[in-house]
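A look at the structure
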Amino acid sequence: MTALEEISFNIHAGEIVGLVGPSGSGKSTALHVVGGLLEPIEGTVDVLGTDLTELSSSQRTRLRRDHIGFIFQQFHLLPALSARDNVALPLVERGVGRRERQQRATELLEQVGLGDRLSHRPGELSGGEQQRVAIARALVTDPELVLADEPTGELDTETGAQVLELLVDVAEDQTVLVATHDERAIDVTDRVLRLLDGEITTDE
Amino acid sequence: MGNLLTKGRAITRYAVAQVRHERGRTVLVVLAIALAVLSVTLLASLGLGVLQTGEERFDQAGQDVWVTSDSVELTATGSIENPIADSHQLAADLENRDDVKTASPLAFHAVYVGTELDDLELVTGVGVPGTRNTNTVDGDGFSEGDSHYANGTYDGPMSQEIVIDPQTAELFDVGVGDTIYVGTSRMNAAEREFEIVGISTQYSQFLGTSTVTMPISELQEIAGTTGTDRATYVTITAADGVDRDAVSEDIQQSYPEYDVRTSEEQLESMLSEYLLVLASGATLVVLALLAGIALTMNTLVLVAVQQREELAALRAIGLSRGLIAGVVGGQGFTLGMLGGVLGILATPVAVLALDHLAASLVGFENLLRTPPIIYATGLLIAVGIGTLGAVVAGWRAAQYAHVDKLHSRQ
């Protein structure tokens, strides 16, 4: 089965772009290709001036570690770690010392309004709060590109809207690509790419 | 290097956090590892204790060479086969050798003893020659010795003297100067009463069972073996300045029909008869180890399975497989160390309890020995189990840390 076909789009630095479409339209696949998690059979994927199809798996991992932040629908936080430790986790791979990791994670959690939830574990947080922790984790390495895969999928309408607003607010220096079937994404994004059956139907 | 150190410290912290988070699971695995460690330390302490206690007992017995025939074993009724015939003569012949200082027959036979004829107990009767020192803690010991032997005629006076161990004394509430019935059956015990002339632990500690000691000719008399003059051993002390191994070998050559052993060899021979017991012990330890390993690995792999999507997400955000494997696998080390420490802390307590049990059952005091090497081995086992768990779980975690495991519920 082909998830994406003849798909081509450019995103400019600093842009906030919504990749909107119904379930099965291929938006998550497109996001994973941009993030170097999936390789296209044909074509090129230029991200931050690098063709991902030319990179090895470990080189793509390094690129993600240094330049890309990920936000997932189901948050994917480690249940045993506190909010602060979850946020600080990507910094461990970079060899950042503990004191600096905690300081940076605290700053990010304060930015997403969770300054009073630093030591709470994911199980002690609401869905909206967990997704805010995930946003802080995605931004803690100060990436150029943030990829969000259905970030509001697990949240109620109001919380979803708040999380989207928060995302575009705190990621003001980043390029953000949000894959969603939530039409309200249009309200917060600079541009919307509509996807249907693996093809881009509208660029508005 | 500094980078690695930072990562190592972080992995340790996160591993400890995971272990603390799942308390019920942690308690279960730690207990399993502690049990495995404890089974190893206890069996090792017991093995070492049996060896050392055996050596000490043989040293205390003060005999260099043991002459016997076939294997010495307890019969179903608790008696020991007496395989040497004409034992007094054999002892006399051996004592005539230049390289031998003393040679004495030693016999064992199950006997009934008691103060009331309807309340007799079966104990091990030990027959000793002469007025051999029985290390009495109370009483003077035998006054006449082996007088009944009378150069093999067995018509000398019976001293009717007996030395009993403290357990028997306590059981019948008797002491030096009291009399006690002795016989090889409940029927013939009524015929003979012996006067208690001493309380001694010497043979009960050697055999690990309740014993009464009497002149060998008198034991042979009540056992009905005077015709063949049966004994279990002829024990020999080597002449001063003579190598006991050389004496043992020389006697063996002169008496090929007997088994001649030094004290060490005799101990080994006696222990080898308990091979099945030792093998059962070793099997239990192996089972405990396997259970510990299986439970640890199963639990850690389960952690990896339960968190496969989180692990895949960490991989997606750029964490290396090594770091992810470390965070999951690090729990193995933590659990192993906790289990090891608990097992080691429990060891002295369990040793104390087992020592108490051994003392009350078989009369050996401080049977289990726990030199530092025992504790070190226990810790090594725990770390080994933890490492194995860590490697397997880490490997599984690294397998799961793949984008295929990321599912979005669109």
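Residues numbered from 1 in each chain as written. Chains lettered and ligands numbered in written order. Predicted model: local features only at pLDDT ≥ 70, side-chain atom pairs only at ≥ 80, totals over all residues. Heavy atoms only, no water.

Things to note about the overall build of chain A
This is how the line gets drawn: Strands are runs of DSSP state E lasting at least 2 residues, helices are runs of H or I lasting at least 4, and numbering of each runs from the N terminus. For each residue, the accessible area found with a 1.4 Å probe, counting protein chains only, is set against the maximum for its type, and the residue is called buried under 20%, exposed over 50%, and partly exposed in between. Here a residue-residue contact requires only that any non-hydrogen atoms of the pair lie within 4.5 Å. Only the protein chains shown count as cover for residues, and all accessible areas are computed by the Shrake-Rupley method using a 1.4 Å probe.
When helices and strands are tallied, chain A shows 7 helices and 8 strands. Relative to its full complement of 204 residues, chain A shows a buried share of 55%. A sequence separation of at least 24 residues applies to 71% of the contacts in chain A between residues at least 6 apart. Just so you have it, chain A exposes about 8900 Å², and 42% of that area is on carbon and sulfur atoms.

A few points about the packing of aromatic side chains
All names here are of chain B. Filter applied, for reference: Here a Phe, Tyr or Trp ring, Trp counted by its six-membered ring, pairs with any other such ring whose centre lies within 6.5 Å, and the pair is stacked when the planes are under 30 degrees apart, edge-to-face when over 60, and tilted otherwise.
Summed over the entire model, instances satisfying the criterion amount to 5 aromatic pairs over all chains. Ring centres 5.3 Å apart and planes at 90° place the aromatic pair Tyr149 and Tyr154 in the edge-to-face group. No difference in accessibility class separates Tyr149 from Tyr154, as the two residues are buried. Ring geometry for Tyr255 against Tyr258: centres 6.3 Å apart, planes inclined by 45°, an arrangement best described as tilted. The residues Tyr255 and Tyr258 share a single accessibility class, namely buried. One aromatic cluster in this structure is built from Trp66, Phe108 and Tyr233.

Overview of helix H2 (residues 57-67) of chain A
Rules: Directions from the helix axis toward the C-beta atoms define the arc.
If you check which residues of H2(A) are buried, you get A:Arg60, A:Thr61, A:Leu63 and A:Arg64. The buried residues of H2(A) all sit within an arc of 160° when viewed along its axis, so they share a single face.

A few points about the sheet that holds strand S1 (residues 16-20) of chain A
Residues and elements named next belong to chain A. Rule in force here: A pair of strands is considered paired only if DSSP assigns at least 2 bridges between the two. To get an axis, a line is fitted to the C-alpha atoms, and for a helix only the part in contact is used. The angle between two axes follows their N-to-C directions and goes from 0 to 180 degrees.
Read from one edge to the other, the open sheet built from 6 strands follows the order S4-S5-S6-S1-S7-S8, with strand pairing classed as mixed. Strands with a single pairing partner mark the edges of an open sheet, and in this sheet they are strand S4 (68-71) and strand S8 (199-203). On average, adjacent strands in this sheet sit at an angle of 20° to one another, irrespective of strand direction. As paired strands, strand S7 (residues 191-196) and S8 are joined by 4 bridges and run antiparallel to one another. Looking at S8, one finds that Arg194 is bridged to Thr202. Sheet contacts for helix H6 (residues 157-170): S1, S4, strand S5 (145-149) and strand S6 (175-180); angle to S6, the most-contacted strand, approximately 160°.

Structural notes on the interface of chain A and chain B
Selection criterion: Salt bridges are defined as contacts in which a side-chain nitrogen from Lys or Arg sits within 4 Å of a carboxyl oxygen from Asp or Glu. As used in this structure description, the phrase polar contact means that two N or O atoms lie within 3.5 Å; if the pair is within protein, one of them must be able to donate a hydrogen and the other to accept it, and residues adjacent in sequence are counted only when both atoms belong to side chains. Amino acid classes used here: Ala, Val, Leu, Ile, Met, Phe, Trp, Tyr, Cys and Pro are nonpolar; Asp, Glu, Lys and Arg are charged; the rest, including Gly, are polar.
Chain A puts 38 residues into the contact, and the matching count from chain B is 27 residues. Summed over the shared surface of chain A and chain B, the number is 2 salt bridges. Residues B:Lys7 and A:Glu93 are paired through a salt bridge, measuring 3.3 Å at the closest nitrogen-oxygen approach. Where chain A meets chain B, there are 5 residue pairs in polar contact (both at pLDDT 80 or more). Elements represented by at least two residues in the side of chain A that touches chain B include exactly helix H1 (27-34), H2, helix H3 (83-93) and helix H4 (98-111) of chain A. Looking at which element gives the most residues to the side of chain A that touches chain B, the answer is H3(A), with 6 residues. In terms of residue class, the side of chain A that touches chain B is built from 13 nonpolar, 12 polar and 13 charged.

A look at the confidence of the model for chain A
Condition: Each residue gets a pLDDT score, which is the predictor's confidence in that residue and runs from 0 to 100.
Mean pLDDT over chain A: 87, with 99% of residues reaching 70 or higher. Per-element mean pLDDT across chain A ranges from 73 in S8(A) up to 93 in H4(A).

Quick look at a nonpolar patch on the surface
Basically, it comes down to this: Only residues whose relative accessible area exceeds 30% and that form no salt bridge enter a patch; like-charged residues are grouped when within 9 Å of one another, and nonpolar side chains (Val, Leu, Ile, Met, Phe, Trp, Tyr) when within 5 Å.
Taken together, the side chains of B:Tyr274, B:Leu275, B:Val277 and B:Leu278 define a hydrophobic patch exposed on the protein surface, amounting to about 420 Å² of accessible area. Mapping B:Leu275 onto the fold places it in helix H9 (residues 275-306).

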